[in-house]
Amino acid sequence: MTQADLALELGLSAHMQMSGTEVDDAIAQMWAVRQAILEASDMDASIEPIPFGGRSERLGLLNLALYLGNLVERAAALQDCERDTIVARALGRPVIQQVRRTAPDVRQLRSS
């Protein structure tokens, strides 16, 4: 595992701990993010590779996060724009709005 992978894993773990998100919920939310990126970049979901899961949910989550980073890169190249543009477009998709409504409010969790 590289230092970048360790940093990603630490960041994911910290965010999940702070937000009270379980691994299976995080994985479901990341699948929604995948859908939003595909929609925002007009990519064909039927030809986009699907990341492998594994025996470990923790490793599956980490692999999914790495996959999403690469997906943003491919989407930006396809649309000939910056990664930030793809992310902004994806954040406006209805599937992300639905995830935001179901995710716990971190500020509320911190104050309890």
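Note that the coordinates shown come from a computational prediction; the quantities given were computed from them, not determined experimentally. (Residues numbered from 1 in each chain as written. Predicted model: local features only at pLDDT ≥ 70, side-chain atom pairs only at ≥ 80, totals over all residues. Heavy atoms only, no water.)

### Re the side chain of Thr 21
Quick note on the threshold: The numbering of helices and of strands both runs from the N terminus, where a helix is a DSSP run of H or I of at least 4 residues and a strand a run of E of at least 2. Exposure categories follow from relative accessible area, calculated using a 1.4 Å probe and restricted to protein chains: below 20% of the type maximum is buried, above 50% is exposed, and the middle band is partly exposed. By the criterion applied in these results, polar contacts are pairs of N or O atoms within 3.5 Å in which, for protein atoms, one can donate a hydrogen and the other can accept it, and in which residues neighboring in sequence qualify only through two side-chain atoms.
Considering the arrangement of structural elements, one finds Thr 21 in the loop between α1 (3-19) and α2 (23-40). Given a relative accessible area of 12%, Thr 21 falls into the buried group. A polar contact of 2.6 Å, which involves the side chain of Thr 21, links it to the side chain of Ser 19.

### A closer look at the confidence of the model for the protein
Rules: For every residue, the predictor states its confidence as a pLDDT score lying anywhere from 0 to 100. In this description, contact between two residues means that some pair of their heavy atoms is separated by no more than 4.5 Å.
This prediction gives the protein a mean pLDDT of 86; 87% of its residues lie at or above 70. Summarising per-element confidence for the protein, the mean pLDDT is lowest in helix α6 (residues 106-111) (46) and highest in helix α4 (residues 83-91) (96). A low-confidence stretch, residues 106-112 stays under pLDDT 50, and its non-local contacts, those more than four residues away or across chains, total seven contacts.

### Thoughts on unusual backbone geometry
Although it is not a glycine, Asp 42 sits at a positive phi angle of roughly 55°. Within the secondary structure layout, Asp 42 lies in the loop between α2 and α3 (57-79). Unusually for a residue other than glycine, Asp 80 sits at a positive phi of about 55°. Looking at the secondary structure, you find Asp 80 in the loop between α3 and α4. On the basis of relative accessibility, which here comes to 73%, the residue Asp 80 falls in the exposed class.

### Thoughts on the pattern of salt bridges
How we decide: Each reported salt bridge corresponds to a side-chain nitrogen of Lys or Arg within 4 Å of a carboxyl oxygen of Asp or Glu.
Here the structure, examined in full by the defined rule, presents four salt bridges. Note that Glu 39 and Arg 93 form a salt bridge whose closest N and O atoms lie 3.0 Å from each other. Here Arg 93 lies in the loop between α4 and α5 (94-102) and Glu 39 lies in helix α2, a separation of 54 residues in the sequence. The shortest N-O distance in the salt bridge between Glu 48 and Arg 74 comes to 2.2 Å. With Glu 48 in the loop between α2 and α3 and Arg 74 in helix α3, this residue pair connects regions lying 26 residues apart in the sequence. By relative accessible area, which is 33% here, Arg 74 ends up partly exposed.

### Some remarks on the nonpolar core
Rules: Only buried Ala, Val, Leu, Ile, Met, Phe, Trp, Tyr and Cys residues count toward a nonpolar core, and they belong to the same one when joined by side-chain atoms within 4.5 Å.
Core analysis: the largest hydrophobic core is formed by 22 residues, its most contacted members being Leu 12, Met 30, Ile 37, Leu 61, Leu 68 and Leu 71. Broken down by element, the residue count for this core peaks at 10 residues, all from α3. Ignoring any residue separated from it by four or fewer positions in sequence, one finds Leu 71 in contact with Arg 34, Ile 37, Leu 38, Met 43 and Glu 48.

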